[in-house]
Amino acid sequence: MKKQIFIFDTTLRDGEQVPGCQLNTIEKIQVAKALDELGIDIIEAGFPISSPGDLKSIIELSKVVTRPTICSLSRAIKEDIDAAAESLKFAKHKRIHTFISSSDVQIKYQFKSTREKIMQQGIEAVKYAKKFTQDVEFSAMDAGRSDNAFLAKFIENTIKAGATTVNIPDTTGYCLPDEFGEKIKYLFENVKGIDKVIVSVHCHNDLGLATANTIAAVQNGARQIEVTVNGVGERAGNTSLEEAVMILKTRVDLNATTSINTKLICQTSQLVSKLMHMPVQPNKAIVGKNAFAHSSGIHQNGVLKNRFTYEIINPEDVGAKSSLVLTARSGRSALRYHLERLGYKKLSQTQINSTYQKFLMLADQKKDLGDNDLKYLMSN
Ligand code: KIV
Ligand code: ZN
């Protein structure tokens, strides 16, 4: 049987903390509704201690979005956990997510503390959060750069304290996929009680490895992945939802499944891009404008014969369309395809050849050609 991977979306928290991406309550609700439709299992709705506006947004959002679990973030501090509990007072399914660092560099320089004291603070935070909900997630911030033996002890103790999900973030995006996969494997082999909880991962993209690290973790037993739409997030962003989900769907050899309705991926991507004023790069995997655009003659020829020659994903599966773009690199088969689409049927090879020569002259002057250009070529 396929392993169910839970999708935890943090677009409204890690994504929304990006400068310029802030959303007001109405916009947050709009995104949360879209994430609900998409089939997200857990929506991390915000960090309520950070501002009264964020607290209000989580309260309002959790009144109207009731199917997924709504998660609220808190540092390992009572005041933060109280704010998280307050923000979730109307949520049907609620989770408190509390975090503190486990890496020596952050413990020493940021927290000016010791491993023992920080571990104790994490344990106390989990115990305190349990007073408000049984669904408590603990994150060991910068787990990617943490000593594995200490991390294992820390995670084991937070499980004993009641954490039901333990999250292993590569906060600085430092890990390599093999290394991150090994870390997850090490935890499964060295943490007592780990089989009773959900192991989650949360990767950042500083070296462009967030998605690869996330998948390596799944291959080593992670059951929850933390992602954002379009990969928005702190600095270079987080693991992108669309990439991770489509890898799990496309690579059936991973034997994993998610609850995502992938046909809604592109429209959700466009909504988030618009509301966050964050354009999607054209060559972005899955949701970029060019993700299913074929422009070279060889590729177009292959796709016209059988789309599997150059498409590993059916664009319709993510709510996109395949396109054959006409540029100076296109070939005769794409030209014929578009001319037939415009009603110029049954053209002889000689007619195609002569139109193609005119087409190339024009295409060398323009970046790409549209229907009007083809009509012009056919009328001259
Ligand atoms: O990147 C990170 O470590 C985080 C935690 C709060 C989970 O965002
Ligand atoms: Zn993060």
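It should be emphasised that the depicted structure is a prediction, and the values quoted were computed from it without experimental measurement.

## A closer look at the coordination of the zinc ion (ligand 2)
Piece 1. Taken together, Asp14 (OD), His202 (NE2) and His204 (NE2) make up the full set of protein donors to the zinc ion (ligand 2), lying 2.0 to 2.1 Å away.
Piece 2. Mapped onto the polypeptide sequence, the residues donating to the zinc ion (ligand 2) form the spacing pattern D-x187-H-x1-H. Here the residue Asp14 occupies a position in helix H1 (residues 11–15), and His204 occupies one in the loop between strand E8 (198–203) and helix H9 (210–219), the gap between them amounting to 190 residues. Of the two residues, Asp14 and His204, both sit in the buried class.

## With respect to the nonpolar core
Piece 1. By size, the foremost hydrophobic cluster in this structure holds 89 residues, and its most contacted members are Ile70, Ile155, Ile168, Ile225 and Val318.
Piece 2. Mapped onto the domain boundaries, this core takes at least three residues apiece from domain 1 (3–276) and domain 2 (293–378).
Piece 3. Those residues in contact with Ile155 that sit more than four places away from it in its chain are Phe138, Ala140, Val166, Ile168 and Val191.
Piece 4. Counting 14 residues, the second largest nonpolar core, distinct from the first, contains Ala328, Ala334, Leu335 and Leu369.

## Overview of the domain arrangement of the chain
Often, the extent of an interface is quoted as the loss of accessible area upon association of its parts.
Piece 1. Structurally, the chain comprises domain 1 (3–276) and domain 2 (293–378).
Piece 2. Computed over C-alpha atoms, the centres of domain 1 and domain 2 are 44 Å apart.
Piece 3. On the side of domain 2, 7 residues touch domain 1, which itself brings 7 residues to the contact.
Piece 4. Summed over both partners, the interface of domain 1 with domain 2 buries about 550 Å², with 62% contributed by carbon and sulfur atoms.
Piece 5. Together, Met246, Lys263 and Cys266 form the three largest contributors to the area buried by domain 1 at its contact with domain 2, with a combined 64%.
Piece 6. Salt-bridge contacts for Lys263 lead to Asp317; the nearest nitrogen and oxygen are separated by 3.8 Å.
Piece 7. Looking at the side of domain 1 that touches domain 2, the element that brings in the most residues is helix H10 (residues 241–250), giving 3 residues.
Piece 8. Split into classes, the residues belonging to the side of domain 1 that touches domain 2 amount to 3 nonpolar, 2 polar and 2 charged.

## Side note on H9
Piece 1. Buried residues dominate H9, accounting for 8 of its 10 residues.
Piece 2. All of the buried residues in H9 are Ala210, Thr211, Asn213, Thr214, Ile215, Ala216, Ala217 and Val218.
Piece 3. Turning to H9, the residues buried within the fold contact strand E1 (3–4), strand E7 (165–170), helix H8 (177–190), E8, strand E9 (224–227) and H10.
Piece 4. Gly221 sits one or two positions beyond H9 and adopts a positive phi of about 115°.

## Re helix H6 (residues 115–129)
Piece 1. Compared with the 21 Å implied by 1.5 Å per residue over 15 residues, the 21 Å span of H6 between its first and last C-alpha is a close match.
Piece 2. For H6, every residue scored as buried is listed here: Ile118, Met119, Gly122, Ile123, Ala125, Val126, Tyr128 and Ala129.
Piece 3. Packed against the buried residues of H6 are helix H4 (78–87), strand E5 (94–101), helix H5 (104–109), strand E6 (136–141) and helix H7 (148–161).

## What about the sheet that holds strand E2 (residues 6–9)?
Sheet strands pair via backbone hydrogen bonds, and the direction of the pair is either parallel or antiparallel.
Piece 1. Strand order in this closed barrel of 8 strands is E2-E3-E4-E5-E6-E7-E8-E9, and the pairing throughout is parallel. Adjacent strand axes in the sheet meet at a mean angle of 25° when their direction is disregarded.
Piece 2. Pairing of strand E3 (residues 42–46) with strand E4 (residues 69–75) involves 4 bridges; the strand directions are parallel. Residue pairing in the sheet places Glu44 in a bridge with Cys71 of E4.

## A look at the site of ligand 1
Piece 1. Residues in contact with ligand 1, as listed here, are Arg13, Asp14, His97, Phe99, Ser139, Met141, Asn167, Pro169, Thr171, His202 and His204.
Piece 2. A distance of 3.0 Å is found between an oxygen atom of ligand 1 and a side-chain nitrogen or oxygen belonging to His204.
Piece 3. Burial of ligand 1 by the surrounding chains reaches 94%, relative to a free accessible area of 260 Å².
Piece 4. Listed by contribution, the elements that provide at least two residues to the shell around ligand 1 are H1, E5, E6 and E7.
Piece 5. Looking at side-chain class alone, the shell around ligand 1 contains 3 nonpolar, 6 polar and 2 charged residues.

How each quantity is defined
- Residues numbered from 1 in each chain as written.
- Chains lettered and ligands numbered in written order.
- Predicted model: local features only at pLDDT ≥ 70, side-chain atom pairs only at ≥ 80, totals over all residues.
- Heavy atoms only, no water.
- Donors = N, O, S within 2.8 Å, 3.2 Å for Na, K, Ca; no water.
- Helix = DSSP H or I, 4+ residues; strand = E, 2+ residues; numbered from the N terminus.
- Buried < 20%, exposed > 50% of the residue type's maximum accessible area, 1.4 Å probe, protein only.
- Core = buried A, V, L, I, M, F, W, Y, C linked by side-chain atoms within 4.5 Å.
- Domains from an automatic or database assignment.
- Contact = heavy atoms within 4.5 Å.
- Buried area = accessible area lost by both parts, 1.4 Å probe.
- Salt bridge = Lys/Arg side-chain N within 4 Å of Asp/Glu carboxyl O.
- Nonpolar A, V, L, I, M, F, W, Y, C, P; charged D, E, K, R; others polar.
- Expected span 1.5 Å × (residues − 1).
- Pairing = 2+ DSSP bridges.
- Axes fitted to C-alpha atoms, helices over the stretch in contact; angles between N-to-C directions.
- Near = heavy atom within 4 Å.
- Polar contact = N/O pair within 3.5 Å; in protein donor to acceptor, adjacent residues only side chain to side chain.
- Areas by Shrake-Rupley, 256 points an atom, 1.4 Å probe, with all protein chains shown as cover.

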